[in-house]
Amino acid sequence: PLEGDLAAQGLGGSGICHGARNGFEVEWLRDRTGGDVIGTDISPTAAEFPHMVVWDFHDENPDWAGRFDFVYTNSLDQAMDPERALAAWARQIVPAGRIYVEHTMAHAPDHAGEMDPFGAHPMAMPYLFFTWGRGRYRLADILEVPAKENKNMPAWVFVLASDKA
């Protein structure tokens, strides 16, 4: 997940991490922000982990509307409809909130498949965010983050800001 000074990156006291499987990122973010962070995953096994909810991240949840300071995911590649997922996430953040989408070359089209149906080259992501986000969110920053320990490849975090701010 995100490294460095999390406060400087705009993370607040509440967040939601989509596609969090066993809750690793949720616990990582809770530890570093001291905030109330929950996670979602579509798998029923998500309920076995603390602070996790079984949920399809494409779907609206009225209880989450305008609730979170941030949304984090490294699982946009698992979206059947990434535009719909991002629209739902944009409604989950407070007006000054942020959406953090971690993306690597492992999320490019040649790695897409049944379990990870969405693939886009990192260079295409700003265009997609611009096109999909009109009136909902905008690309505010692109953070280069250290290569993940389990993958020796560069990673980027695309920071999306609400258009309601």
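A brief report on the enclosed structure follows.

## As for the overall build of the protein
Working step 1: Secondary structure assignment for the protein yields three helices and seven strands.
Working step 2: Moving toward the C terminus, one meets the helices and strands of the protein in the order β-α-β-β-β-α-β-α-β-β.
Working step 3: The buried share of the protein, taken over its 165 residues, is 45%.
Working step 4: Long-range contacts, defined here as pairs at least 24 residues apart, represent 58% of the contacts in the protein between residues at least 6 apart.
Working step 5: Taken as a whole, the protein presents about 8100 Å² of accessible surface, with 53% of it coming from carbon and sulfur.

## Re the pairing of strand β5 (residues 93–104)
For a regular strand, side-chain orientation follows a simple rule: the groups alternate between the two sheet faces.
Working step 1: Pairing geometry for strand β4 (residues 68–73) and β5, over five bridges, is parallel. When the sheet's bridge partners are listed, F70 is paired in β5 with R98.
Working step 2: Viewed along the sheet, the connection from β4 through helix α2 (residues 82–92) into β5 turns out right-handed.
Working step 3: Both β5 and strand β7 (residues 155–162) contribute to a ladder of seven bridges, which runs antiparallel.

Procedures and definitions
- Residues numbered from 1 in each chain as written.
- Predicted model: local features only at pLDDT ≥ 70, side-chain atom pairs only at ≥ 80, totals over all residues.
- Heavy atoms only, no water.
- Helix = DSSP H or I, 4+ residues; strand = E, 2+ residues; numbered from the N terminus.
- Buried < 20%, exposed > 50% of the residue type's maximum accessible area, 1.4 Å probe, protein only.
- Contact = heavy atoms within 4.5 Å.
- Areas by Shrake-Rupley, 256 points an atom, 1.4 Å probe, with all protein chains shown as cover.
- Pairing = 2+ DSSP bridges.
- Right-handed = clockwise from strand over helix to strand, strands pointing away.

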